[in-house]
Amino acid sequence: MMDKKTAALTLYRTLGAQSALLDEILSAQRQVRVSVTEKQWADLDNILYRLGNLAETFCELEHTRISSCAALSGQEDCDGDIFIAVRSLSEPNRNAILKIFSEVRSKLSKSKIENESLNAYIRVAREFLQGIFDKVIPERRNTVYSNKGSVVKSRPECLVLDAVI
């Protein structure tokens, strides 16, 4: 187990790394939006792969942050609560850590908003296309029921479109 000074320094550095990583994630999310709206699918695939790697790195940093918080608080079950962890630090150290933690939380909120707006765009596009396919592709003649007894509308699982459409 690390001493409190080492744990505080590790926590500060980890939060700084998370903040920098979130800047990259936010940039990649903007690129995803551009790729989707401009239908650049090859670029989208590359960006999503990069985002997956960034997310894995963020998870590793989050585990480091949680273990640093546990070492600072002296409690193994603090669940990474930074406010419990930093209460024993001096005020300048506590304020520095809480300031960078606030930046990380702000960037996480921005990332969440970006994800939600992209999901809304995809949902609207999917509903629009489903409406077109409902009119173009004839429905099955028989009725399909779910395991709970409700009628299930038939939807194509996967559809590949030609560029002519």
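So, a few notes on the structure that sits alongside this text.

Conventions used here
- Residues numbered from 1 in each chain as written.
- Predicted model: local features only at pLDDT ≥ 70, side-chain atom pairs only at ≥ 80, totals over all residues.
- Heavy atoms only, no water.
- Axes fitted to C-alpha atoms, helices over the stretch in contact; angles between N-to-C directions.
- Helix = DSSP H or I, 4+ residues; strand = E, 2+ residues; numbered from the N terminus.
- Parallel < 35°, antiparallel > 145°, perpendicular 65-115°, else oblique.
- Left-handed = near helix turned anticlockwise from the far one by under 90°.
- Nonpolar A, V, L, I, M, F, W, Y, C, P; charged D, E, K, R; others polar.
- Core = buried A, V, L, I, M, F, W, Y, C linked by side-chain atoms within 4.5 Å.
- Buried < 20%, exposed > 50% of the residue type's maximum accessible area, 1.4 Å probe, protein only.
- Contact = heavy atoms within 4.5 Å.
- Phe/Tyr/Trp six-rings, centres within 6.5 Å; stacked < 30°, edge-to-face > 60°.
- Expected span 1.5 Å × (residues − 1).
- Patch = residues over 30% accessible without salt bridge, like charges linked within 9 Å, V, L, I, M, F, W, Y side chains within 5 Å.
- Areas by Shrake-Rupley, 256 points an atom, 1.4 Å probe, with all protein chains shown as cover.
- Salt bridge = Lys/Arg side-chain N within 4 Å of Asp/Glu carboxyl O.
- Polar contact = N/O pair within 3.5 Å; in protein donor to acceptor, adjacent residues only side chain to side chain.

**Quick look at the packing of helix α1 (residues 4-37) against helix α2 (residues 41-73)**
Packing of α1 against α2 leaves a shortest axis separation of 8 Å and a crossing angle of 160°. On the basis of the axis angle, α1 is roughly antiparallel to α2. Seen from above, α1 lies across α2 with left-handed handedness. When its residues are assigned to classes, the contact of α1 with α2 shows 22 nonpolar, nine polar and six charged.

**With respect to the nonpolar core**
Side chains of a nonpolar character, in soluble globular proteins, are inclined to be buried together. Ranked by size, the top nonpolar core spans 28 residues in total, and within it Leu11, Leu15, Val32, Leu72, Ile82 and Ile97 carry the most contacts. Secondary-structure elements contributing two or more residues to this core are α1, α2, α3 (82-86) and α4 (91-136). When neighbours within four sequence positions are excluded, Ile82 is seen to be in contact with Leu11, Leu15, Arg65, Cys69, Ile97, Leu98 and Phe101.

**What to know about the packing of aromatic side chains**
Two numbers describe a pair of aromatic rings. These are the distance of the centres and the angle of the planes. Across all of its chains, the model carries one aromatic pair by this definition. Residues Phe83 and Phe101 carry aromatic rings whose centres are separated by 5.9 Å and whose planes lie at 90° to one another, so their mutual orientation is edge-to-face. Note that Phe83 is positioned in helix α3 and Phe101 in helix α4, a separation of 18 residues in sequence. Exposure remark for Phe83: the relative accessible area of 47% places this residue in the partly exposed category. The exposure class of Phe101 is buried, given its relative accessible area of 13%.

**As for the packing of α1 against α4**
Following both chains from N to C, one finds α1 and α4 inclined at 20°, their axes separated by 9 Å at the closest point. As judged from the angle between their axes, α1 and α4 are roughly parallel. For α1 against α4, the interelement crossing comes out left-handed. Class assignment for the residues of the contact of α1 with α4 results in 17 nonpolar, eight polar and six charged.

**Some details on α2**
Taking 1.5 Å as the rise per residue, α2 with 33 residues should run 48 Å; its terminal C-alpha atoms sit 47 Å apart, in good agreement. Positive backbone phi, at 80°, marks Gly74, one or two positions downstream of α2.

**Points about the side chain of Gln29**
Mapping Gln29 onto the fold places it in helix α1. Gln29 has contacts with Leu51, Ser111, Glu114 and Asn115, leaving out every residue within four places of it along the chain.

**Points about the side chain of Gln18**
Mapping Gln18 onto the fold places it in helix α1. Once residues within four sequence positions are removed from consideration, Gln18 is found in contact with Phe58, Leu61, Glu62, Arg65 and Val104.

**A short note on a nonpolar patch on the surface**
A cluster of nonpolar side chains, namely Phe128, Leu129, Ile132 and Val136, defines an oily patch on the protein surface of about 380 Å² accessible area. Inspection of the secondary structure puts Phe128 in helix α4. By relative accessible area, which is 56% here, Phe128 ends up exposed.

**Structural notes on the environment of Thr57**
Within the fold, Thr57 resides in helix α2. Polar contacts involving the side chain of Thr57 include one to the main-chain carbonyl oxygen of Asn53, which spans 3.0 Å.

Function cannot be inferred from these measures alone, as they are strictly geometric.
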